[in-house]
Amino acid sequence: MFGRRSSSSGSAIRSSGPEVVDCENSPMLDWPAKGWENDRFIDVPLGDERRGARRAVSLRVFVLSAVCLFVVALALGTGCGFGIGVVRYKTLEVKPSIGEGYVGKYGPGVPEDLEFVLIDRLVNRTELDLDTGFLSISAEGQQGGQIREYEFDVALSLAAPDGFRKPMVLVNGQSPGPLIEANVGDTIKVHVNNLMANVSTSIHWHGINQQGTPWMDGVAGITQCGIPPGKNFTYEFKVEDQRGTFWWHAHTSVQFTDGAYGAIVIRDTSEMVPETDDEKLIFVSDVYHTFGSVLPQANLQMGARHVRRRAPRRQRPDERTEHIQLRLINASSFFSYWFSIDNHTLTIVELDGVEIEPVSARGVYLNLGQRVSVILSADQEVGRYYVRATIPKTCFMPYSTYVSAGLEEGGYGVRGVLEYVEEGSERVVDVGDGDGVGERVLEMIGVAGNTSNPHGVENNGLRGDVWEGCDDMPFDMPVPMRRQPAVNVSEENTHYIEYAFRQAQEVNRIFINKTSYTPLPHNATLWKAVEQEFTADKENSYNSWDFGLNQQVLHIPDASHGAQIVINSKDGMEHPWHLHGHTFQIVGWGHGPFGSDTTTWNLDNPLRRDTVTVPANNHVVIRFATDNPGVWALHCHVAWHVEGGMFLTLAERPSDLVRMINDMNMATRRQSQSFCAAGDGTK
C-alpha cells in the first residue's frame, strides 16, 4: 500500500467506485471479484485543520491507481497509525464456523455475510498523519521505559481497497493496521483478539529482535501455535537498543497478503539521522482481488482500472526548503519496487532500522520486508511531479505464473503525484481530467530519473537489452553510523545452505539443502526444542534432529563466538531473506556458490540489516552475535515461497533457551502451549 503523512489542512483521499471492470480472468478462480457498490466519491480527511499554518512548505500528493492483472491488482494505498495507549474499536461479531468443504462466492471457507468496511474506516482518517504528538524521550531519561499498550481485533471482513470488493483480514477494521510508536527502552504490550471464525492467527514484529523474549516473536509453528478462533493472546516485549522503522504483520499462512499489517516506529533522541521538518509513512505493497488462501497454490503451479485519490493541499516553498523524512516499507507478498520521485534526489539515511552515512540517489530499491528511510528536499519549482513505484519486470518474468498484460498496460508500476501549490491558488480537485469546472489543473513537469533498479544488472540473466538489476545497492556502499566490526565466528557456529526449486507432483517446492519445510502439526519448534538433546549422536545429514524430516534446524551452541551463515542461491531469481531475532552483518558476497569463485569480504564495519536480497546464482555471507538464545526463523519473504518450503530455523544456544523458558511467566507459557492442543495452530 502507499501511505503518506500530512500536516496541512483540508486534505483528503478520494476513491471512486462505480466504473468497475474486473481484469481477473484466471481459469482457476470461479468466483468473481465484486465491484465496490458505491456511486459517489468519499472524502477522507488526512490531517487536522488546526495545523494548516504549521509549515512554510507543503506538498500535495495524489495517489493514482491500481493495475489489474491476471491474479493481482497493484495499488497505492495509505500508511496510518495512532498514538499511545489502548484503543478499542467496535468489535466485529465472530461468525458461526463453516465447514472445511464450504466454497462460497468469495472462495473456500469464506462466509458470505461478512461486514463490509467502507473506505473511510478501512483507511482510518485519524491515523494517516504521523504527527501523533508522540514524545521522544532518551532511554537514559526514562528510568526503565514506559509501557505502550494496544488492542488488536483481528477479523475477516469485506472491503474494497482499490475499488474491488474482496475478503480481507483486518486489524481494528483497517488496513494498514494501527501504528505502534515507542521509545527505545519501552515495553510494548499488544492484546490480540482473534475474531475470525475458523482460522488461527499470530502477529510477528518484523525487525524487532525480541531480546530475551523469543516466545513473543509471533511465528505460528515456530515460536508459538496460532491463536485459535475466539481466543486472545498478549504479546509483551521490550525494545532494546533498536530505533527507526519496523513493521508488524500476521505470520500465519498468507494473512498479511489480505491486509493484516502495520507500521512500527521506534523513537530515539540520539537517532543518528539528519533533522527534518516533517516525516511520513509510505507503504508499497500489492493488493490481490482474490482471497489470499488461494494464492500460494496458484503461484506455485507449473505453469486498468485507475483509482483517483485526492490528498493534501499545501503551499509553495518560499523562504526555505522543507526536508521530509519518508519512511518506506515494502509490505508486498511478491513484488519488489524501485521508488523514485521525478526531479528529486533522495538521501538514504536508514536501512532496516540501521542509520547509515547519507547516500544521495535518484531512487531506492525495496525488496519484500525491507524498510528504507529517505530524506526528500522540497526544492523544486511550482508544479506536479510523479512519485513512482516501479516493478523491475525482468526480475519476475517468466517466473510469474500469470499473464502480464495488465502489468504491461500499467507500465509495470504505479504513480503518485507530488505537487507544489502556490499560496492562494485555486484548489485542484482531480487528477488531470478536469471534472471541477473552471478549476486549474497543473500539467505534469519534471523528468524521470532512474525508473528501474540499476543495481545488480550483471546478475540479471533475463534482462536482455534492458538495463535493469534485481539487487540491493552494493553491500559496501551503505556505511553504518554506529560502527561495529564483524563478529568473530567459530566452526561449530558456521553453516552452509543452498536452495533451489524442484517439482513435487503438480507444484513447485523449494528445497533448502535436503529439506522443504512444512509447519509442525499441533506444535511449535520452540516448545519441541525444550525436549531435544542437541548432541552429536542426535544430529543427521538433514539437520532435522527429532523434529521431523520436514524441519531443518541449524544448531548454534557457542556463546563465546558469533555465528556465520553462508546462503548459496542455485536459482535464477533473486530472493529476499529475512532473519528473525537478529540484525545481521553482511560480511561477504560473490558470484556462484561459496568457494567456487571470488568472495568479496567487508569485515571492518559491514552493513547491517534484517532482510537481504540474495542475487540469482550468487552467495551472501551473514554474521551475527550469539547474544539472543531462541529458535529463530530464516526464510524468503515471498509469501508463496514460504508456503512452498523456503524456510528453516536456527536453534541458538538451546541449553540457555531451556533455562529461559523454565523461568518465563508460567501463565503465558500455559496459554501459549494450550493453543497447540486446540488444533493445528498453523492453519
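All of these numbers come straight from a predicted model, not from anything done at the bench.

Draft legend 1. Structural detail: the overall build of the protein chain. Scanning the protein chain from N- to C-terminus turns up eight helices and 39 strands. Each of the 683 residues in the protein chain was classed as buried or not, and the buried ones make up 63%. Counting every atom, the protein chain has about 24100 Å² of accessible surface; 47% of that belongs to carbon and sulfur.

Draft legend 2. Here's a closer look at the sheet that holds strand 38 (residues 630–636). Pairing is mixed in the open sheet, where five strands are placed in the order 30-39-38-32-36. For this open sheet the edge positions go to strand 30 (553–556) and strand 36 (611–614), each flanked by a neighbour on one side alone. Ignoring strand direction, the axes of neighbouring strands in this sheet form an average angle of 20 degrees. Pairing of strand 30 with strand 39 (residues 647–652), which is carried by four bridges, proceeds in the parallel orientation. Residue pairing for strand 39: Ile556 is matched across the bridge by Glu652.

Draft legend 3. Representation of the pairing of strand 13 (residues 203–206). Burial along strand 13 is two-sided: the residues Ile203 and Trp205 and His204 and His206 are all buried. The sheet contact formed by strand 13 and strand 15 (residues 244–250) spans four bridges and is antiparallel. In the sheet register, Ile203 faces strand 15, and the bridge partner there is Ala250.

Draft legend 4. Region of interest: the sheet that holds strand 22 (residues 346–351). Strand order across the open sheet formed by five strands is 17-20-25-22-23, with mixed pairing between neighbours. In this open sheet, the two edge strands, each paired with only one partner strand, are strand 17 (278–284) and strand 23 (354–361). Taking each pair of neighbouring strands and ignoring which way they run, the sheet shows an average axis angle of 25 degrees. Where strand 17 meets strand 20 (residues 322–330), seven bridges bridge the pair, whose relative direction is parallel. The residue bridging Lys280 from the neighbouring strand is Leu326, located in strand 20.

Draft legend 5. Representation of empty space enclosed by the protein in the model. There is about 80 Å³ of room inside the second largest cavity. In terms of lining, the second largest cavity is formed by 15 residues, of which the most central are Thr257, Gly259, Tyr261, Asp286 and Val287. Taken together, the residues of the lining of the second largest cavity break down into seven nonpolar, five polar and three charged.

Draft legend 6. Seen up close, the environment of Ser202. Mapped onto the elements of the fold, Ser202 is located in the loop between strand 12 (187–194) and strand 13. Beyond its immediate chain neighbours, meaning those up to four positions away, Ser202 contacts Gly218, Val219, Ala220, Gln224, Tyr235, His249, Ala250, His251 and Thr252. A polar side-chain atom of Ser202 sits 2.8 Å from a polar atom in the side chain of Thr252.

Draft legend 7. Structural view of the nonpolar core. Within the largest apolar cluster, 77 residues are counted, with the highest numbers of intra-cluster contacts made by Leu326, Phe339, Ile348 and Trp577. In this structure, Val110, Phe233, Tyr235 and Ile661 belong to the second largest nonpolar core, which totals 56 residues.

Draft legend 8. Looking closely at unusual backbone geometry. Here Ser175 and Pro176 are connected by a cis peptide whose omega angle stands at -5 degrees. Topologically, Pro176 is positioned in the loop between strand 10 (164–171) and strand 11 (180–183). Phi angles above zero are rare outside glycine, and Trp545 is one such case at about 50 degrees. With respect to the element layout, Trp545 can be found in the loop between helix 5 (525–529) and strand 30.

Draft legend 9. How the structure looks around the packing of aromatic side chains. By the definition in use, this model includes 19 aromatic pairs. A centroid spacing of 6.0 Å and a plane angle of 75 degrees characterise the contact between Phe233 and Phe675, whose relative ring orientation is edge-to-face. Residue class for Phe233 comes out buried when judged on its relative accessible area of 2%. Linked through ring pairs, Phe152, Trp205, Phe233, Tyr235, Phe237, Trp248 and Phe675 together constitute an aromatic cluster. Positioned above the aromatic ring of Tyr386 is the side chain of Arg415, whose terminal nitrogen or guanidinium carbon lies 4.1 Å from the ring centre.

Draft legend 10. Spotlight on the environment of Phe134. Among the structural elements, Phe134 can be located in the loop between helix 1 (119–122) and helix 2 (139–142). Spatially, the C-alpha atom of Phe134 lies 7.6 Å from that of Glu181, the residues being 47 residues apart in sequence.

Draft legend 11. Main features of the side chain of Gln255. By the secondary structure assignment, Gln255 is in the loop between strand 15 and strand 16 (261–267). A relative accessible area of 7% places Gln255 in the buried class. Other than its neighbours up to four places away in sequence, Gln255 contacts Val169, Met196, Val199, Ser200, Thr201, Ala250 and Ala260.

Draft legend 12. Broad picture of the pairing of strand 39. For strand 39, a buried count of six out of six residues is recorded, marking the element as mostly surrounded by other parts of the structure. Pairing geometry for strand 38 and strand 39, over six bridges, is antiparallel. Directly across from Ala633, in strand 39, lies its bridge partner Thr649.

Calculation notes
Residues numbered from 1 in each chain as written. Predicted model: local features only at pLDDT ≥ 70, side-chain atom pairs only at ≥ 80, totals over all residues. Heavy atoms only, no water. Helix = DSSP H or I, 4+ residues; strand = E, 2+ residues; numbered from the N terminus. Buried < 20%, exposed > 50% of the residue type's maximum accessible area, 1.4 Å probe, protein only. Areas by Shrake-Rupley, 256 points an atom, 1.4 Å probe, with all protein chains shown as cover. Pairing = 2+ DSSP bridges. Axes fitted to C-alpha atoms, helices over the stretch in contact; angles between N-to-C directions. 1 Å grid on protein atoms, 1.4 Å probe; cavity = no way out; pocket = protein on both sides within 12 Å on 5 of 7 lines; lining within 4 Å. Points joined across faces, edges and corners; volume = space filled by probe spheres on them. Nonpolar A, V, L, I, M, F, W, Y, C, P; charged D, E, K, R; others polar. Contact = heavy atoms within 4.5 Å. Polar contact = N/O pair within 3.5 Å; in protein donor to acceptor, adjacent residues only side chain to side chain. Core = buried A, V, L, I, M, F, W, Y, C linked by side-chain atoms within 4.5 Å. Phe/Tyr/Trp six-rings, centres within 6.5 Å; stacked < 30°, edge-to-face > 60°. Lys NZ or Arg CZ within 6 Å of the ring centre and 35° of its normal.

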